[in-house]
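So the chains spell out like this:
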Amino acid sequence: MPREQFAARAAQEQGLQQATQLVGSPLAAFLYTAARWLPFAADSLSYLFASAGSALIRRPLGPERPADDDGGQARRRHQMLADIRDGLRVVRGQPFLRYGTIWIAGVNMVGNSLVLLLIILLKNQGAAPRTIGLINSVVLAAGILGALVTSALIRTIGSRRVFLLGGWIYVITLATAALGTRQWQIAAAASIFVFASVPTASVWEAYTASLVPDRLTGRVGSVSNFAAQSLTWVGMLLAGWLADQFGASAAALCFAGLLVPFAIAGHTVSALSMLRAPLDRVEELA
């Protein structure tokens, strides 16, 4: 795929994830209403089909390892731990990747806690379960809309501005949701948060893909994915504890405060100056 389409590809992937969640949540509720064990059986069956589909892939997923690195089964030099070290070495040695790994860990921690905070905030405003489900669907639809307009946004205002605006939108919308006194205010703030997250994350993914050579994509991607998931459990625990101790509004404000340093860093971190260059002019790492 041409480099200038990397951001569009990342946005489409995120839009697809939002769409599957949009369909999956009500489907799970319907199956659970029919029988409590049914959604779990359907989930297990989906993994069975996914495994079978993976086994039937015939296209090369390469790049293949050099022959001298893939000698005998008993004498492989590039085992899993060595691959992990390679990915860490590349990320540690490149300023943009190093900052991006820290950024994705922090932002993902807050983003994954958004649903929990949203439910608590809406419950405090007297929202019924049906209303909460409807608002959750609206929020997911906002993510799909973000995926559709990502390419146009990047073309219009540039990758760096998209990334900078996304950082401040995260802070403002979380604070707005925390201080909202109406259900629609909370829903609108959460929707804008998710809408902005798609182009913002797509910029990061696109420039990371442009920097990293194909042969290291899997290793660097594993480091990024580990970072993205590493603090999600902390975020959920922290959100629940803060909401229990100080209230949902205070918890949401605390999470907004956690993202302020990242929003400021967008203007000051020199590694992000790379975002000024078009994707097709980003030099791949040696």
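Summary of the structure given here.

## A look at the overall build of the protein
1) Next: Looking only at helices and strands, one finds 10 helices and 0 strands in the protein.
2) Next: The globule rule puts the C-alpha radius of gyration for 286 residues at 19 Å, and the 21 Å found for the protein is close to it.
3) Next: Across the protein, every contact between residues at least 6 apart in sequence was considered, and the portion connecting residues at least 24 apart equals 82%.
4) Next: When the accessible area of the protein is evaluated, it comes to approximately 16500 Å², of which 63% is carbon and sulfur surface.

## Topic: the pattern of salt bridges
1) Next: Evaluated as defined, the whole model comprises 5 salt bridges.
2) Next: The salt bridge partner of Arg-89 is Asp-86, with a shortest N-O separation of 3.5 Å. Placement of the pair is Arg-89 and Asp-86 together in helix 3 (residues 80–93), with a separation of 3 residues, close to one helical turn.
3) Next: A salt bridge links Arg-219 to Asp-86; the nearest nitrogen and oxygen atoms lie 2.7 Å apart.

## Some details on the environment of Val-138
1) Next: Position of Val-138 among the secondary structure elements: in helix 5 (residues 129–157).
2) Next: Sequence spacing of Val-138 and Ala-187 is 49 residues, and the spatial spacing of their C-alpha atoms is 7.9 Å.

## Points about helix 10 (residues 248–268)
1) Next: For helix 10, built from 21 residues, the straight-helix expectation of 30 Å at 1.5 Å per residue is met to within 8% by its first-to-last C-alpha distance of 32 Å.
2) Next: Along its length, helix 10 shows its largest kink, about 30°, at Leu-259, and proline Pro-261 lies within four residues downstream of that point.
3) Next: Buried within helix 10 we find Ala-248, Ala-251, Ala-252, Phe-255, Ala-256, Leu-259, Ala-263, Ala-265 and Gly-266.

## Remarks on the side chain of Thr-200
1) Next: The topology assignment puts Thr-200 in helix 7 (residues 183–211).
2) Next: Given the relative accessible area of 1%, Thr-200 is considered buried.
3) Next: Among all residues touching Thr-200, those that are not within four sequence positions of it are Trp-103, Val-162, Phe-163, Gly-166 and Tyr-170.

## Quick look at the nonpolar core
1) Next: Ranked by internal contacts, the top residues of the largest apolar core, which has 63 residues, are Phe-96, Trp-103, Leu-174, Tyr-207 and Leu-259.
2) Next: With 14 residues, helix 4 (residues 95–124) is the largest single contributor of residues to this core.
3) Next: Discounting chain neighbours no more than four positions away, the residues touching Tyr-207 are Phe-96, Ser-159, Met-274, Leu-275, Ala-277, Pro-278, Leu-279 and Val-282.

## Structural notes on a nonpolar patch on the surface
1) Next: On the surface, Met-80, Leu-81, Ile-84 and Leu-88 cluster together into a nonpolar patch covering about 410 Å² of accessible area.
2) Next: Mapped onto the fold, Leu-88 is located in helix 3.
3) Next: Accessibility expressed as a relative area gives 41% for Leu-88, which makes it partly exposed.

## Examining the packing of helix 4 against helix 6 (residues 159–179)
1) Next: The N-to-C vectors of helix 4 and helix 6 enclose an angle of 25°; their axes lie 12 Å apart at closest approach. By the criterion of interaxial angle, the relationship of helix 4 to helix 6 is roughly parallel. The way helix 4 lies across helix 6 gives a crossing that is left-handed. Listed contacts from helix 6 to Trp-103, Val-107, Val-110, Leu-114 and Leu-121 of helix 4 are Phe-163, Tyr-170, Leu-174, Ala-177 and Ala-178.

## Focus on the side chain of Gln-94
1) Next: Within the fold, Gln-94 resides in the loop between helix 3 and helix 4.
2) Next: A relative accessible area of 14% means that Gln-94 is categorised as buried.
3) Next: Residues contacting Gln-94, with those up to four places away along its chain left out, are Leu-211 and Leu-285.

## Comments concerning the packing of aromatic side chains
1) Next: Enumeration over the complete set of coordinates arrives at 5 aromatic pairs.
2) Next: Taking the centre distance of 6.5 Å and the plane angle of 55° together, the rings of Phe-96 and Tyr-207 count as tilted. Residue Phe-96 is found in helix 4, and its partner Tyr-207 is found in helix 7; the two are separated by 111 residues along the sequence. Comparing Phe-96 with Tyr-207, the two get one shared label, buried.
3) Next: The interplanar angle of 80° and the centroid separation of 5.8 Å between the aromatic rings of Trp-241 and Phe-246 together place this pair among those described as edge-to-face.
4) Next: Ring pairs connect the aromatic residues Trp-103, Phe-163 and Trp-204, which therefore count as one cluster.

## Brief notes about the packing of helix 6 against helix 10
1) Next: The contact between helix 6 and helix 10 brings their axes to 8 Å, and the two run at 165°. Classified by the angle their axes make, helix 6 and helix 10 are roughly antiparallel. Viewed along their axes, helix 6 and helix 10 form a crossing whose handedness is left-handed. The segment helix 6 lies against helix 10, with Arg-160, Leu-164, Gly-167, Trp-168, Tyr-170, Val-171, Leu-174, Ala-175, Ala-178 and Leu-179 engaging Ser-249, Ala-252, Leu-253, Phe-255, Ala-256, Leu-259, Val-260, Ala-263, Ile-264, Gly-266 and His-267.
2) Next: For the contact of helix 6 with helix 10, the residue count by class is 16 nonpolar, 4 polar and 1 charged.

Rules behind the numbers
Residues numbered from 1 in each chain as written. Predicted model: local features only at pLDDT ≥ 70, side-chain atom pairs only at ≥ 80, totals over all residues. Heavy atoms only, no water. Helix = DSSP H or I, 4+ residues; strand = E, 2+ residues; numbered from the N terminus. Rg over C-alpha atoms; globule rule 2.2 N^0.38 Å. Contact = heavy atoms within 4.5 Å. Areas by Shrake-Rupley, 256 points an atom, 1.4 Å probe, with all protein chains shown as cover. Salt bridge = Lys/Arg side-chain N within 4 Å of Asp/Glu carboxyl O. Expected span 1.5 Å × (residues − 1). Bend = angle between axes of the 7 residues up to and from the residue. Buried < 20%, exposed > 50% of the residue type's maximum accessible area, 1.4 Å probe, protein only. Core = buried A, V, L, I, M, F, W, Y, C linked by side-chain atoms within 4.5 Å. Patch = residues over 30% accessible without salt bridge, like charges linked within 9 Å, V, L, I, M, F, W, Y side chains within 5 Å. Axes fitted to C-alpha atoms, helices over the stretch in contact; angles between N-to-C directions. Parallel < 35°, antiparallel > 145°, perpendicular 65-115°, else oblique. Left-handed = near helix turned anticlockwise from the far one by under 90°. Phe/Tyr/Trp six-rings, centres within 6.5 Å; stacked < 30°, edge-to-face > 60°. Nonpolar A, V, L, I, M, F, W, Y, C, P; charged D, E, K, R; others polar.

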